[in-house]
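Chains, contacts and geometry: an overview
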Amino acid sequence: MCRFLVLALTLATVNLIHSTALGTDDAVLKPRVPADQMDQAKAWKNPLKPTQEALEKGKQLFQGKAFCVTCHGRDGKGLGGDIEPGTLKGPLPRNFTDTEWQAARTDGELFWILKNGSKGTAMAPFIPLILNEEEAWQVLLYVRSFGQSSNTPVK
Ligand code: HEC
């Protein structure tokens, strides 16, 4: 786990240098996929059904080898317990319990992010080095599950 944390923080720090500050809710909803790749991204569909088994696998990846939890938190709210607020410059890790954000994105756009990262932010690409495509879809099922609770975050 410690090795993952060091990697995550290194990625965060490297990106910090290049990041631009986007702070508002509008900035969060703005598409991350470049316009010329949007049609392709939206065409990607999650081939997996959100079965208990697939969700459990997604959760294990999120909290385990893919270390998403480091930045996005166990509760998905966007600031892992390992990160001090203020240490990440630029946009904060996305809050997955934000239902407005959940509704604004297709699964394909989220998959694109896992392939390409979000340029200029601490969100790095995870496919293919850390996750294969099937694992990425499992993690995304889990990411989607945060949006289904009724606890809409305080903005
Ligand atoms: C080093 C910290 C860090 C780690 C580790 C990390 N993320 Fe992120 N993530 C971010 C940040 C910062 C953003 C916000 C980027 C932005 O605003 O464009 C983000 C954004 C996202 C988004 C939203 C992009 C959008 O369209 O709005 C998704 C989905 C996402 N992360 C999924 C994951 C998953 C799944 C993992 C684990 C495989 C993961 N992240 C690991 C920092 C991280």
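The structure contained in this document is the topic of the report that follows.

Quick look at helix H8 (residues 133–146)
- A rise of 1.5 Å per residue sets the reference length of H8, with its 14 residues, at 20 Å; its end C-alpha atoms lie 21 Å apart and thus fit the reference within 8%.
- Most of H8 is tucked away: 11 of the 14 residues are buried.
- Within H8, the full set of buried residues consists of Glu135, Ala136, Trp137, Gln138, Val139, Leu140, Leu141, Tyr142, Val143, Arg144 and Phe146.
- Each element contacted by the buried residues of H8 is listed here: helix H4 (52–63), helix H5 (68–72), helix H6 (99–104) and helix H7 (107–116).
- The distance from a side-chain oxygen at the start of H8 to the backbone nitrogen of Glu134 is 3.1 Å, and the residue carrying that oxygen is Asn132.

Structural notes on the site of the ligand
- Not every one of the 24 residues close to the ligand is listed here, only the nearest: Arg32, Cys68, Cys71, His72 and Met123.
- Taking Arg32, its side chain carries an N or O atom lying 2.5 Å from an oxygen atom of the ligand.
- Arg105 places a side-chain nitrogen or oxygen 2.5 Å from an oxygen atom of the ligand.
- For the shell around the ligand, the elements supplying multiple residues, two or more each, are H5 and H7.
- Counted by class, the shell around the ligand contains 18 nonpolar, 3 polar and 3 charged residues.

So, the coordination of the iron atom of the ligand
- Around the iron atom of the ligand, the protein contributes the donor atoms His72 (NE2) and Met123 (SD), which lie 2.0 to 2.1 Å from the metal centre.
- With 6 donor atoms in place around the iron atom of the ligand and angles of 85 to 179° between them, the coordination shape is octahedral. Of this pair, His72 sits in helix H5 while Met123 sits in the loop between H7 and H8, placing them 51 residues apart in sequence.
- Since its relative accessible area comes to 9%, His72 is described here as buried.

Quick notes on the rules
Each residue is numbered by its place in its chain's sequence as written, counting from 1. In view of the model being predicted, local features appear only for residues whose pLDDT reaches at least 70, and side-chain atom pairs are presented and counted only at 80 or more, with totals across whole chains, interfaces and linings using the full set of residues. Only hydrogens and water are removed before side-chain values are computed, so all heavy atoms of the structure are retained for them. Each helix is a run of H or I in the DSSP string that is no shorter than four residues. Each strand is a run of E no shorter than two, and both are numbered from the N terminus. Helix span, as expected, comes to 1.5 Å for every residue beyond the first. Burial classes follow relative accessibility: with a 1.4 Å probe on protein chains only, a residue under 20% of its type's maximum area counts as buried, one over 50% as exposed, and anything between as partly exposed. What makes two residues a contact is simply this: any of their non-hydrogen atoms within 4.5 Å. Whenever a nitrogen or oxygen atom comes within 3.5 Å of another N or O atom, the pair is scored as a polar contact, on the condition that within protein one atom can donate a hydrogen and the other can accept it, and that pairs from neighbouring residues in sequence are kept only if both atoms are in side chains. The near set for a molecule or strand comprises every residue that places at least one heavy atom within 4 Å of it. Residues are grouped as follows: nonpolar covers Ala, Val, Leu, Ile, Met, Phe, Trp, Tyr, Cys and Pro; charged covers Asp, Glu, Lys and Arg; every other residue, Gly included, is treated as polar. Only N, O and S atoms count as donors, using a 2.8 Å limit from the metal and a wider 3.2 Å limit for Na, K and Ca, and since water is excluded some coordination spheres may look unfilled. A four-donor site is classed as tetrahedral when every donor-metal-donor angle falls between 85 and 135 degrees; four donors are called square planar, and six octahedral, when trans pairs exceed 155 degrees and all remaining angles lie between 65 and 115, with any other arrangement labelled irregular.

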